[in-house]
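Breakdown of the fold
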Amino acid sequence: MTDAASAPVKVNPNAPSAETVIDVEHYTDRLFSFSITRPPAFRFRSGEFVMIGLPAAEGQKKPVMRAYSIASPSWDDKLDFFSIKVADGPLTSRLQKIKPGDQVLLGKKSVGTLVLDALTPGKRLYMFSTGTGIAPFASLMRDPETYERYDKVILTHTCRQRAELSYGLRLTESLRDDPLVGEMIGDKLAHITSLTREEYPLKGRITTLIESGRLFEELGVPALDPATDRVMICGSMDMIKDTKALVETFGLVEGSNSNPGDFVVEKSFVG
Ligand code: A2P
């Protein structure tokens, strides 16, 4: 049989799959989160990112795909994402309008360096995040292995305004009742929030709080030390650059999947 109707259909094994939006939540005019169905064969390590997109709009040749950190834990049967909204962003201008039941494209493979395996063993794990940079940590915070590997897990989240902290605050609150990690957490997890553009008990960029020592005072621990502390950094390009440079002044050395070290960085830039 060689007629066109029965010719084998060529399937691209790397083509994204179309997933269904389960729910969407808007926090501010700059931030929203959404969850989609997870294909049974889709595997990832907590902290990794994947390509997310929308089918090509009228007049576009290709779908627009961008890297998104997966915010849900690797055991969950749905996938969560936390996103900024950019009015003229090629993807988020359209993505911010999705509703339950809509289709979103999901890349086949997840990758990333904000994974536990890219760090050498230590006592304390710091997760420094700004804005949507909290997303990979939302995944790692719900992974039992994070608490198995470290005595203390410190999540810092710095945003411009109070409403931007709600996603993370709600998440850490819900962890206390989490069937998987709830009991493991005990007093292991510290969640430090700070704001830069509104009054708040703790004010200032994470870089300022580290430099001034205020962060360590809040926690009641000594300053960063490569002998005990491991660090993950996720935020804007500038935040990552500045925080990485600062962490290096304490003697911490950058790691990767193939060569684990004292700290790892990632960017969460989605337009
Ligand atoms: P600031 O308000 O002083 O710019 P954004 O939404 O622009 O990504 O910012 C999120 C948070 O990250 C804000 O609190 C912002 O502070 C902070 N931030 C921006 N740039 C840096 C940087 N280079 N180093 C540390 N924090 C930063």
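Quick caveat, the model's predicted, so the values are computed rather than measured.

1. A closer look at the domain arrangement of the protein chain
Frequently, the measure chosen for interface size is the accessible area that the parts lose on association. Taken domain by domain, the protein chain holds domain 1 (17–106) and domain 2 (116–265). Here the C-alpha centre of domain 2 lies 24 Å away from the C-alpha centre of domain 1. When the shortest N-O distance is used, the salt bridge between R170 and E25 registers 2.8 Å. Our count for the contact surface shared by domain 1 and domain 2 stands at eight residue pairs in polar contact (both at pLDDT 80 or more). When contributions to the side of domain 1 that touches domain 2 are tallied by element, the ones reaching two or more residues are β2 (31–37) and β5 (78–84). Of the residues forming the side of domain 1 that touches domain 2, the biggest block, four residues, is contributed by β5. Grouping the constituent residues of the side of domain 1 that touches domain 2 by class yields nine nonpolar, eight polar and four charged.

2. Details of the site of the ligand
The environment of the ligand is formed by R30, T130, T158, C159, R160, T196, R197, R205, T207, D238, M239 and D242. Within the side chain of D242, a nitrogen or oxygen atom sits 2.8 Å from a nitrogen atom of the ligand. In the complex, the protein chains occlude 84% of the 550 Å² of accessible area that the ligand would expose alone. If you list the elements that add at least two residues to the shell around the ligand, you get β8 (152–159) and α8 (237–249). Considering every element that reaches the shell around the ligand, the biggest residue donor is α8, with three residues.

3. Some points on the pairing of strand β10 (residues 229–235)
The element β10 is largely enclosed, with a buried count of seven among its seven residues. With burial as the criterion, each face of β10 is covered, one bearing D229, V231, I233 and G235 and the other bearing R230, M232 and C234. In terms of strand pairing, strand β7 (residues 124–130) meets β10 through six bridges, oriented parallel. Along β10, the bridge assignment pairs M127 with M232.

4. Here we look at α8
Its 13 residues give α8 an end-to-end C-alpha distance of 19 Å, which sits within 8% of 18 Å, the value for a rise of 1.5 Å per residue. Those residues of α8 not exposed but buried are M239, I240, T243, L246 and V247. For α8, the angular spread of the buried residues around the axis is 140 degrees, confining them to a single face. Across from the buried face of α8, at angles greater than 90 degrees, the exposed residues are D238, K241 and T249. The first or second residue beyond α8 is G251, which carries a positive phi of 95 degrees.

5. Remarks on the packing of aromatic side chains
Describing an aromatic ring pair means giving the distance of the ring centres and the angle of the ring planes. Per the stated rule, a full pass over the model turns up eleven aromatic pairs. With a centroid separation of 5.8 Å and an interplanar angle of 90 degrees, the aromatic rings of Y27 and F82 are classed as edge-to-face. Pair noted here: Y27 is in the loop between β1 (17–26) and β2 and F82 is in strand β5, with a separation of 55 residues, a long-range link. Judged on exposure class, the residue Y27 and its partner F82 are both buried. Arranged with centres 6.2 Å apart and planes meeting at 75 degrees, the rings of F34 and Y68 form a pair that is edge-to-face. Of this pair, F34 sits in strand β2 while Y68 sits in strand β4 (residues 64–69); the two residues are 34 residues apart in sequence, bridging distant segments of the chain. Given a relative accessible area of 2%, Y68 falls into the buried group. Through a chain of ring-to-ring contacts, three or more aromatic side chains come together here, namely F32, F34, Y68 and F81.

Cut-offs used in this document
- Residues numbered from 1 in each chain as written.
- Predicted model: local features only at pLDDT ≥ 70, side-chain atom pairs only at ≥ 80, totals over all residues.
- Heavy atoms only, no water.
- Domains from an automatic or database assignment.
- Salt bridge = Lys/Arg side-chain N within 4 Å of Asp/Glu carboxyl O.
- Polar contact = N/O pair within 3.5 Å; in protein donor to acceptor, adjacent residues only side chain to side chain.
- Helix = DSSP H or I, 4+ residues; strand = E, 2+ residues; numbered from the N terminus.
- Nonpolar A, V, L, I, M, F, W, Y, C, P; charged D, E, K, R; others polar.
- Near = heavy atom within 4 Å.
- Areas by Shrake-Rupley, 256 points an atom, 1.4 Å probe, with all protein chains shown as cover.
- Buried < 20%, exposed > 50% of the residue type's maximum accessible area, 1.4 Å probe, protein only.
- Pairing = 2+ DSSP bridges.
- Expected span 1.5 Å × (residues − 1).
- Arc of directions from axis to C-beta.
- Phe/Tyr/Trp six-rings, centres within 6.5 Å; stacked < 30°, edge-to-face > 60°.

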